[in-house]
Amino acid sequence: MFIQTVALNDVKCFAFHGYYPEEQLTGTEFLVSVAVTFVPAGGDTEDLERTVNYEVLNMIILEEMASTKKMLESVVRLILNRVISAYPFVQTAVAGIKKMHPPMPGEIHHSFVQLSYTSEKKN
């Protein structure tokens, strides 16, 4: 059995997520990654209807990043919910968001929030 992975790594987005009102006014740069695994239906990897289209993953990321939330955990969950809804055959899905240079004392490259999903379905 082959298990296929489709992923987008570090999709750059400028967004206004943040707990503090100042963050929602000034915005910052984020890097978003999503990876899913699944068994290709019938082994066919040439048909977009039988795989995960990373253009759709990109659209989901951009749309959810455009809707301001206080907590990155909420954004990650919304992204994963939409991916699972669009592709119910995925076995696992992982989404993560890096907040570049969060506004805190010290030199911080990024903060990071990640959420993982594992299907309860048996293949």
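Residues numbered from 1 in each chain as written. Predicted model: local features only at pLDDT ≥ 70, side-chain atom pairs only at ≥ 80, totals over all residues. Heavy atoms only, no water.

Draft legend 1. Just the packing of aromatic side chains, in detail. In total, this model carries 4 aromatic pairs according to the counting rule given. Between the aromatic rings of Phe14 and Phe16, the centroid separation amounts to 5.5 Å while the plane-to-plane angle is 85 degrees, which identifies the pairing as edge-to-face. Take Phe16: its relative accessible area is 32%, and that puts it in the partly exposed class. Considering the side-chain rings of Tyr19 and Tyr20, the 5.3 Å spacing of their centres and the 90 degrees angle between planes classify their relative orientation as edge-to-face. The structure contains a cluster of three or more aromatic residues connected by ring pairs, namely Phe38, Tyr87 and Phe89. The ring of Tyr19 carries Lys70 above its face, with NZ or CZ at 5.6 Å from the centroid. (Phe/Tyr/Trp six-rings, centres within 6.5 Å; stacked < 30°, edge-to-face > 60°. Buried < 20%, exposed > 50% of the residue type's maximum accessible area, 1.4 Å probe, protein only. Lys NZ or Arg CZ within 6 Å of the ring centre and 35° of its normal.)

Draft legend 2. Seen up close, the pattern of salt bridges. Overall, the coordinates contain 4 salt bridges when judged by the stated rule. Taking the shortest distance from any N to any O, the salt bridge between Lys98 and Asp10 comes out at 3.5 Å. Of this pair, Lys98 sits in strand β3 (residues 92-100) while Asp10 sits in strand β1 (residues 4-15), placing them 88 residues apart in sequence. Residue Asp10 is classed as partly exposed on the basis of its relative accessible area, which comes to 35%. Bridged by salt links that share partners, the residues Glu63, Glu64 and Arg82 form one connected network. (Salt bridge = Lys/Arg side-chain N within 4 Å of Asp/Glu carboxyl O. Helix = DSSP H or I, 4+ residues; strand = E, 2+ residues; numbered from the N terminus.)

Draft legend 3. Spatial organisation of the nonpolar core. Ranked by size, the top nonpolar core spans 27 residues in total, and within it Val34, Val36, Val52, Ile61, Met65, Ile79 and Ile97 carry the most contacts. For this core, the secondary structure elements donating two or more residues are β1, β2 (28-38), α2 (54-65), α3 (72-86) and β3. The greatest single-element share of this core, amounting to 6 residues, is contributed by α3. Those residues in contact with Val34 that lie beyond four places of it in its chain are Val6, Ala7, Leu8, Leu57, Ile61, Ile79, Val83, Val94 and Ala95. (Core = buried A, V, L, I, M, F, W, Y, C linked by side-chain atoms within 4.5 Å. Contact = heavy atoms within 4.5 Å.)

Draft legend 4. Focus on the layout of surface pockets. The computed volume of the largest pocket comes to approximately 260 Å³. As for the largest pocket, its lining consists of 14 residues, and the residues nearest its centre are Tyr19, Glu23, Leu72, Lys99 and Ser111. Looking at the lining of the largest pocket, the elements with two or more residues in it are α3 and β4 (110-118). Its residues assigned to classes, the lining of the largest pocket shows 8 nonpolar, 2 polar and 4 charged. (1 Å grid on protein atoms, 1.4 Å probe; cavity = no way out; pocket = protein on both sides within 12 Å on 5 of 7 lines; lining within 4 Å. Points joined across faces, edges and corners; volume = space filled by probe spheres on them. Nonpolar A, V, L, I, M, F, W, Y, C, P; charged D, E, K, R; others polar.)

Draft legend 5. Highlighting the sheet that holds β3. Read from one edge to the other, the open sheet built from 4 strands follows the order β1-β2-β3-β4, with strand pairing classed as antiparallel. Two strands close off the open sheet at either side, each with one partner strand: β1 and β4. If you compare each strand with its neighbour and ignore which way they point, the axes differ by 10 degrees on average. Where β2 meets β3, 8 bridges bridge the pair, whose relative direction is antiparallel. Considered in β3, the bridge of Ala35 is made with Val94. Contacts between α2 and the sheet are confined to β1, β2 and β3, with β1 contributing the most and set at about 30 degrees to the helix. Docked against the sheet, α3 engages β2, β3 and β4, running at close to 35 degrees with respect to β4. (Pairing = 2+ DSSP bridges. Axes fitted to C-alpha atoms, helices over the stretch in contact; angles between N-to-C directions.)

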